[in-house]
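# Observations on the three-dimensional arrangement
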Amino acid sequence: MILIDTALFFVDQLLGLYFWVLLGSVILSWLVNFGIVDTRNQVVMSIGQALYALTEPALKPIRQVLPNMGPIDISPVILMVAVFTAQHMIYLIRVEYLR
């Protein structure tokens with residue numbers, strides 16, 4: 001039971017970290033689109049490429065299912081809700097079945 005609890009805790013922490021990566025990606029895209037940061041800056045470009053590489057594999061299938069809504073992209077919101085739901089399910093499993 002301790003091994004399962006530890007594994008679930010680890011997955012929960014990874015999901016929490018992924019949420020922050022996703023939020024960082026959204027904020028960076030806003031900053032770029034509003035002209036606040038410049039993508040010609042090597043640091044900004046490196047961070048943007050890393051965030052894109054981490055988030056795009058999960059966002060692409062969601063974007064393929066959603067209808068085209070023009071400039072509005074709600075796929076990060078849907079992914080954030082999915083991450084929160086997974087974290088809540090892990091919490092319920094850890095509290096109800098492993099205690």
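Below is a short write-up of the structure. (Residues numbered from 1 in each chain as written. Predicted model: local features only at pLDDT ≥ 70, side-chain atom pairs only at ≥ 80, totals over all residues. Heavy atoms only, no water.)

Our focus in this paragraph is the side chain of Thr55. Within the secondary structure, Thr55 sits in helix 2 (residues 42–65). Contact partners of Thr55, with chain neighbours within four places excluded, come to Tyr18, Val21, Leu22 and Ser25. (Helix = DSSP H or I, 4+ residues; strand = E, 2+ residues; numbered from the N terminus. Contact = heavy atoms within 4.5 Å.)

What follows is about a nonpolar patch on the surface. A cluster of nonpolar side chains, namely Met69, Ile72, Ile74, Val77, Ile78 and Val81, defines an oily patch on the protein surface of about 480 Å² accessible area. With respect to the secondary-structure elements, Val81 resides in helix 3 (residues 75–96). (Patch = residues over 30% accessible without salt bridge, like charges linked within 9 Å, V, L, I, M, F, W, Y side chains within 5 Å. Areas by Shrake-Rupley, 256 points an atom, 1.4 Å probe, with all protein chains shown as cover. Salt bridge = Lys/Arg side-chain N within 4 Å of Asp/Glu carboxyl O.)

Below, the discussion takes up the nonpolar core. One broad rule of soluble globular proteins: the nonpolar side chains tend to lie buried together. If you look at the biggest cluster of nonpolar residues, it comprises twelve residues: Leu8, Leu15, Phe19, Leu22, Val26, Leu59, Ile62, Leu79, Met80, Val83, Ile90 and Leu98. Put simply, the parts of the chain that give this core at least two residues each are helix 1 (2–33), helix 2 and helix 3. Here this core gets five residues from one element, more than from any other, and that element is helix 1. With residues near it in sequence (within four places) discarded, Leu8 still touches Ile90, Ile93, Arg94 and Leu98. (Core = buried A, V, L, I, M, F, W, Y, C linked by side-chain atoms within 4.5 Å. Buried < 20%, exposed > 50% of the residue type's maximum accessible area, 1.4 Å probe, protein only.)

What follows deals with the pattern of salt bridges. Following the criterion strictly, the structure yields four salt bridges and no others. A salt bridge links Arg63 to Glu56; its shortest N-O distance comes to 2.7 Å. On the basis of relative accessibility, which here comes to 33%, the residue Arg63 falls in the partly exposed class. Owing to a relative accessible area of 14%, Glu56 belongs among the buried residues under this scheme.

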